[in-house]
Amino acid sequence: MAALTDEAHQTMQQLNVDGTRQGEQFRHQIEAAASAWRSAEQAARVSARAIESSNQTLSQRQYLLAALVGMMTGLLASALWLCLAPAPRLQNVLDAQQLAALIRPATAAWKPCAGK
(Lines give C-alpha, C1' and ligand atoms only; values in the text may rest on other atoms or scores of the structure.)
Protein backbone atom coordinates (compact mmCIF):
# COMPACT_ATOMS: atom_id res chain seq x y z
CA MET A 1 0.00 0.00 0.00
CA ALA A 2 2.92 2.33 0.78
CA ALA A 3 4.40 1.61 -2.65
CA LEU A 4 1.06 2.38 -4.28
CA THR A 5 0.79 5.63 -2.30
CA ASP A 6 4.34 6.61 -3.32
CA GLU A 7 3.56 5.81 -6.92
CA ALA A 8 0.30 7.82 -6.75
CA HIS A 9 2.20 10.68 -5.12
CA GLN A 10 4.86 10.64 -7.88
CA THR A 11 2.16 10.47 -10.55
CA MET A 12 0.37 13.43 -8.97
CA GLN A 13 3.60 15.41 -8.85
CA GLN A 14 4.30 14.55 -12.49
CA LEU A 15 0.75 15.59 -13.42
CA ASN A 16 1.21 18.84 -11.47
CA VAL A 17 4.51 19.57 -13.29
CA ASP A 18 2.96 18.70 -16.67
CA GLY A 19 -0.09 20.87 -15.92
CA THR A 20 2.08 23.80 -14.89
CA ARG A 21 4.21 23.43 -18.04
CA GLN A 22 1.10 23.16 -20.19
CA GLY A 23 -0.42 26.22 -18.46
CA GLU A 24 2.75 28.20 -19.15
CA GLN A 25 2.70 27.16 -22.81
CA PHE A 26 -0.97 28.11 -23.06
CA ARG A 27 -0.27 31.50 -21.40
CA HIS A 28 2.60 32.15 -23.86
CA GLN A 29 0.35 31.25 -26.78
CA ILE A 30 -2.39 33.59 -25.53
CA GLU A 31 0.14 36.40 -25.02
CA ALA A 32 1.51 35.85 -28.53
CA ALA A 33 -2.01 35.91 -29.98
CA ALA A 34 -2.85 39.08 -28.03
CA SER A 35 0.36 40.71 -29.25
CA ALA A 36 -0.49 39.76 -32.82
CA TRP A 37 -3.99 41.23 -32.39
CA ARG A 38 -2.50 44.46 -31.01
CA SER A 39 -0.08 44.80 -33.92
CA ALA A 40 -2.89 44.04 -36.40
CA GLU A 41 -5.06 46.68 -34.72
CA GLN A 42 -2.23 49.21 -34.95
CA ALA A 43 -1.69 48.40 -38.63
CA ALA A 44 -5.43 48.79 -39.26
CA ARG A 45 -5.40 52.21 -37.57
CA VAL A 46 -2.43 53.33 -39.69
CA SER A 47 -4.08 52.15 -42.91
CA ALA A 48 -7.38 53.80 -41.91
CA ARG A 49 -5.55 57.10 -41.39
CA ALA A 50 -3.83 56.71 -44.77
CA ILE A 51 -7.15 55.98 -46.48
CA GLU A 52 -8.79 58.97 -44.81
CA SER A 53 -5.92 61.24 -45.85
CA SER A 54 -5.98 60.02 -49.45
CA ASN A 55 -9.77 60.40 -49.53
CA GLN A 56 -9.48 64.01 -48.38
CA THR A 57 -6.75 64.69 -50.95
CA LEU A 58 -8.85 63.09 -53.68
CA SER A 59 -11.87 65.21 -52.73
CA GLN A 60 -9.78 68.38 -52.87
CA ARG A 61 -8.39 67.39 -56.26
CA GLN A 62 -11.88 66.73 -57.59
CA TYR A 63 -13.11 70.15 -56.43
CA LEU A 64 -10.06 71.80 -57.98
CA LEU A 65 -10.58 69.91 -61.23
CA ALA A 66 -14.27 70.88 -61.33
CA ALA A 67 -13.38 74.55 -60.79
CA LEU A 68 -10.69 74.44 -63.49
CA VAL A 69 -13.02 72.73 -65.97
CA GLY A 70 -15.69 75.35 -65.28
CA MET A 71 -13.27 78.24 -65.78
CA MET A 72 -11.76 76.76 -68.93
CA THR A 73 -15.22 76.09 -70.35
CA GLY A 74 -16.24 79.68 -69.70
CA LEU A 75 -13.04 81.06 -71.23
CA LEU A 76 -13.33 78.81 -74.28
CA ALA A 77 -16.99 79.68 -74.82
CA SER A 78 -16.25 83.41 -74.48
CA ALA A 79 -13.27 83.22 -76.83
CA LEU A 80 -15.20 81.28 -79.45
CA TRP A 81 -18.17 83.61 -79.12
CA LEU A 82 -15.93 86.64 -79.67
CA CYS A 83 -13.98 85.05 -82.52
CA LEU A 84 -16.99 83.74 -84.38
CA ALA A 85 -19.17 86.83 -83.92
CA PRO A 86 -19.45 88.95 -87.06
CA ALA A 87 -17.43 92.14 -86.97
CA PRO A 88 -19.55 95.25 -86.57
CA ARG A 89 -19.77 97.42 -89.65
CA LEU A 90 -19.55 101.13 -89.13
CA GLN A 91 -21.30 103.10 -91.81
CA ASN A 92 -21.19 106.82 -91.37
CA VAL A 93 -23.16 108.63 -93.97
CA LEU A 94 -22.82 112.34 -93.61
CA ASP A 95 -25.40 114.49 -95.25
CA ALA A 96 -24.20 118.07 -95.13
CA GLN A 97 -27.64 119.63 -95.59
CA GLN A 98 -29.14 117.62 -92.70
CA LEU A 99 -26.18 118.48 -90.50
CA ALA A 100 -26.55 122.19 -91.29
CA ALA A 101 -30.26 122.02 -90.53
CA LEU A 102 -29.54 120.41 -87.16
CA ILE A 103 -26.83 122.89 -86.19
CA ARG A 104 -28.57 126.06 -87.45
CA PRO A 105 -30.95 126.53 -84.45
CA ALA A 106 -28.12 126.15 -81.94
CA THR A 107 -25.81 128.54 -83.79
CA ALA A 108 -28.49 131.13 -84.45
CA ALA A 109 -28.67 131.95 -80.74
CA TRP A 110 -25.00 132.85 -80.61
CA LYS A 111 -24.04 136.48 -80.63
CA PRO A 112 -21.09 137.53 -82.68
CA CYS A 113 -18.06 138.47 -80.58
CA ALA A 114 -16.04 141.55 -81.12
CA GLY A 115 -12.67 140.26 -82.17
CA LYS A 116 -9.38 141.78 -81.21
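So, how was this worked out
Sequence order as written defines the numbering, with residues in each chain counted from 1. Under the rules for a predicted model, residues below a pLDDT of 70 receive no local features and side-chain atom pairs below 80 are neither given nor counted, while totals for whole chains, interfaces and linings still include all residues. Neither water nor hydrogens contribute to the side-chain values; these are computed over all heavy atoms in the structure. Where helices and strands are cited, they refer to DSSP runs of H or I of at least four residues and of E of at least two residues respectively, numbered from the N terminus. As a reference, a globule follows 2.2 Å times the number of residues to the power 0.38, and the radius of gyration itself is taken over C-alpha atoms. For every accessible area listed, the method is Shrake-Rupley and the probe measures 1.4 Å; residues are considered covered only by the protein chains on display. Counted as positive: Lys and Arg. Counted as negative: Asp and Glu. His and the chain ends are not counted at all. A single reference atom marks each charge: NZ on Lys, CZ on Arg, CG on Asp, CD on Glu. Think of a salt bridge as a Lys or Arg side-chain nitrogen and an Asp or Glu carboxyl oxygen that are within 4 Å of each other. For the exposure calls, accessible area comes from a 1.4 Å probe over protein chains only, and a residue counts as buried if that area is under 20% of its type's maximum, exposed if over 50%, partly exposed in between. Patches here: salt-bridge-free residues with over 30% relative accessible area, like charges joined within 9 Å, nonpolar side chains (Val, Leu, Ile, Met, Phe, Trp, Tyr) joined within 5 Å. Each helix should span, by expectation, one fewer than its residue count multiplied by 1.5 Å. Axes are fitted to the seven residues ending at a residue and to the seven starting at it; the angle between these axes is taken as the bend at that residue.

**Describing the overall build of the protein chain**
Move 1: Scanning the protein chain from N- to C-terminus turns up 2 helices and 0 strands.
Move 2: Its C-alpha radius of gyration of 51 Å places the protein chain more than 25% over the 13 Å reference for a compact globule of 116 residues.
Move 3: Overall size of the protein chain, expressed as C-alpha extent along the three principal axes, is 160 × 40 × 20 Å.
Move 4: Looking at the protein chain as shown, the accessible area adds up to about 11400 Å², and 64% of this sits on carbon and sulfur atoms.
Move 5: In the protein chain, 10 positive and 8 negative side-chain charges are present, and the distance between their average locations comes to 44 Å.

**As for the pattern of salt bridges**
Move 1: Across all of its chains, the model carries 4 salt bridges by this definition.
Move 2: Of the charged contacts in the structure, one is a salt bridge between Arg27 and Glu24, with a shortest N-O distance of 2.6 Å. Of the two residues, Arg27 and Glu24 both sit in helix H1 (residues 2-84), 3 residues apart, roughly one turn of that helix.
Move 3: Ionic pairing is found between Arg27 and Glu31, a salt bridge with its closest N-O pair at 2.8 Å. Here Glu31 and Arg27 lie together in helix H1, a separation of 4 residues that amounts to about one turn.
Move 4: Given a relative accessible area of 37%, Arg27 falls into the partly exposed group.
Move 5: For Glu31, a relative accessible area of 41% corresponds to the partly exposed category.
Move 6: One salt-bridge network, in which partners are shared between bridges, spans Glu24, Arg27 and Glu31.

**With respect to the environment of Ala33**
Move 1: Mapped onto the secondary structure, Ala33 falls in helix H1.
Move 2: Taking the relative accessible area as the measure of exposure, Ala33 reaches 37% and is therefore partly exposed.

**Here we look at the environment of Met1**
Move 1: Counting through the fold element by element, Met1 comes out in the segment before H1.
Move 2: Considered as a pair, Met1 and Glu52 are 51 residues apart in the sequence and their alpha carbons are 75 Å apart.

**Digging into a nonpolar patch on the surface**
Move 1: Taken together, the side chains of Leu94, Leu99, Leu102 and Ile103 present a nonpolar region at the surface, about 430 Å² in accessible area.
Move 2: In this fold, Leu102 is placed in helix H2 (residues 96-108).

**Here's the deal with H2**
Move 1: Spanning 13 residues, H2 covers 17 Å between terminal C-alpha atoms, matching the ideal 18 Å at 1.5 Å per step.
Move 2: At Leu102, H2 shows its largest bend, some 30 degrees, and a proline, Pro105, comes one to four positions later.
Move 3: Here H2 lies mainly on the outside; 0 of its 13 residues are buried.

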